[in-house]
Amino acid sequence: MPHPTPKPSRHPETVDPLWLLKAIGVTILVALICAWLTLNLLFYRGQWQLVLHPTRTTSAPPSIAGAPYQLVHFGLDESAIPQLTGWWIPAAPNARYAQSTILFLPGADGSVANSIPTLAALHNLGINVFAFDYRGYGQSADTHPSQQKMTQDADSAWQYLETSRKIPAHQIIPYGTGVGASLATHLALTHPDIPALILDAPQADLLENALHDPRSALLPTRLLFHEQFPLTDLLAGLHTPKLLISTTNSTHPAFRTAADPKLTVELSSPTDAFFGPALTRFLDEYLSSTNQQPPSSNQLSPPSDH
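Residues numbered from 1 in each chain as written. Predicted model: local features only at pLDDT ≥ 70, side-chain atom pairs only at ≥ 80, totals over all residues. Heavy atoms only, no water.

- As named in an unreviewed UniProt entry, the protein is Serine aminopeptidase S33 domain-containing protein, taken from Edaphobacter aggregans.

In structure tokens, the structure reads:
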């Protein structure tokens, strides 16, 4: 009787330690790549927080440093709901520049309420002033702001003045401060009938700011960052008359390369004694004589250029 053939003994399977290390390494690498891509996405969607710092308000002031004003809701969305809140501060009918209007474009921080001293100083020149909050700021629609939305909001403010207020383009002067300087310059480029442009202490061309922010470390910031608020290149090709206001010892590089005609002054604040004379000199030179009242005999002498 034949004996059964013994089955070969099976040795337990072993895993090559080198392969295991490679698998662990690949897993860690994939996890790091996924985490890095997630950080890129979060940075792309939330980068506005690096440069825009809005505050919300629930009520409007009773006056603008004593001057009466009208609270305006405009900028209708698809459902015909106003998205923007603004302040119309009218000049007296016989004021010096009663036929002209300043379109005030505020900066990135706070809300337009932070600019009341500037608005009062502008109104005291005898000119109409229209100021507003971008979406995400003040009493305007509650959403996060961005360069794209703020550009659209500036266009909406322009359209409001032209269509609702029936103010022609040659009587509207954009005044931009902070990042609003970029938006004001954009308006001047798209509306060549604008008679003049005023830029006050701009905060623009913000890529370098983002590159130095620790939250952008290890990310391709140059590729991802789009909240730049460009200014230098825009001003270099813009021949609209410009009043360029810088703060003491802080002149934006765009002012040096801005195309003529331009008047550059250095002021400490809107309460600076030269603020009114500087603007009056500029407006007298570049606003049509048909749009302003004759100068008063007690007008202060304009300051010299800086």
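Back to the write-up after that little detour.
**Remarks on the UniProt feature "transmembrane region" (unreviewed entry) in the protein**
Logical step 1: Here the UniProt feature "transmembrane region" (unreviewed entry) sits at residues 20–43.
Logical step 2: Here residues 20–43 is 100% helix and 0% strand, with 35 Å between the C-alpha atoms at its ends. (UniProt positions renumbered as here; feature names shortened; annotations may be inferred. Helix = DSSP H or I, 4+ residues; strand = E, 2+ residues; numbered from the N terminus.)

**Thoughts on the pairing of strand β3 (residues 82–89)**
Logical step 1: Within β3, 7 of the 8 residues are buried, which leaves it mostly tucked inside the rest of the structure.
Logical step 2: Bridge analysis of strand β2 (residues 70–76) against β3 gives 6 bridges, and the strand direction is antiparallel. Looking across to β3, one finds that leucine 71 is bridged to tryptophan 87.
Logical step 3: Between β2 and β3, which pair antiparallel in sequence order, lie 5 residues; one of them, alanine 80, sits at a positive phi of approximately 65 degrees.
Logical step 4: Note that β3 and strand β6 (residues 127–133) share 5 bridges and pair antiparallel. The residue of β6 that forms the bridge with glycine 86 is phenylalanine 132. (Buried < 20%, exposed > 50% of the residue type's maximum accessible area, 1.4 Å probe, protein only. Pairing = 2+ DSSP bridges.)

**What to know about the environment of leucine 206**
Logical step 1: With respect to the helices, strands and loops of the structure, leucine 206 is situated in the loop between β8 (197–202) and α6 (207–211).
Logical step 2: With a relative accessible area of 1%, leucine 206 lands in the buried category.
Logical step 3: The spatial distance from the C-alpha of leucine 206 to the C-alpha of leucine 231 is 9.5 Å, given a sequence separation of 25 residues.
Logical step 4: For leucine 206, the contacting residues outside a window of four places in its chain are Val51, Val179, Phe225, Glu227, Gln228 and Phe229. (Contact = heavy atoms within 4.5 Å.)

**Focus on the nonpolar core**
Considering soluble globular proteins, one finds that nonpolar side chains tend to be buried as a cluster.
Logical step 1: Counting 49 residues, the largest nonpolar core has Leu103, Leu105, Phe130, Leu199 and Leu235 as its most contacted members.
Logical step 2: Tallying contributions element by element places helix α4 (residues 147–164) first for this core, with 6 residues.
Logical step 3: Not counting chain neighbours up to four residues away, the residues in contact with leucine 199 comprise Gly176, Ala181, Ala184, Thr185, Leu231, Leu235, Leu243, Leu244, Ile245 and Phe255.
Logical step 4: Formed by 32 residues, the second largest nonpolar core is a distinct cluster that contains Ile89, Ala121, Ala196 and Val265. (Core = buried A, V, L, I, M, F, W, Y, C linked by side-chain atoms within 4.5 Å.)

**Observations concerning the sheet that holds β3**
Logical step 1: Reading across the sheet, the 8 strands line up as β2-β3-β6-β4-β7-β8-β9-β10 and stay open at both edges, with mixed pairing between neighbours. Of all strands in the sheet, those with a lone pairing partner are β2 and β10 (262–266), marking the two edges. Between one strand and the next, the sheet's axes are offset by a mean angle of 20 degrees, whatever the strand orientation.
Logical step 2: Bridging between strand β4 (residues 97–105) and β6 involves 5 bridges; their strand directions are parallel. Residue pairing across strands places tyrosine 97 opposite isoleucine 127, the latter belonging to β6.
Logical step 3: Each of β3, β4, β6 and β7 (172–178) touches helix α3 (residues 116–123); the most contacted strand, β6, lies at about 160 degrees to it. (Axes fitted to C-alpha atoms, helices over the stretch in contact; angles between N-to-C directions.)

**So, the packing of aromatic side chains**
Logical step 1: Tallying each qualifying case throughout the model produces 10 aromatic pairs.
Logical step 2: Measuring from centroid to centroid gives 6.4 Å for phenylalanine 130 and phenylalanine 132, while their planes differ by 20 degrees, and the two rings are stacked. Across the pair, exposure class does not vary: phenylalanine 130 and phenylalanine 132 are buried alike.
Logical step 3: Each ring, one from phenylalanine 132 and one from tyrosine 134, has its centre 5.3 Å from the other, and the planes form 80 degrees; the classification is edge-to-face. Here phenylalanine 132 and tyrosine 134 have matching classes, each one buried.
Logical step 4: Linked through ring pairs, Phe74, Phe130, Phe132, Tyr134, Tyr137 and Tyr160 together constitute an aromatic cluster. (Phe/Tyr/Trp six-rings, centres within 6.5 Å; stacked < 30°, edge-to-face > 60°.)

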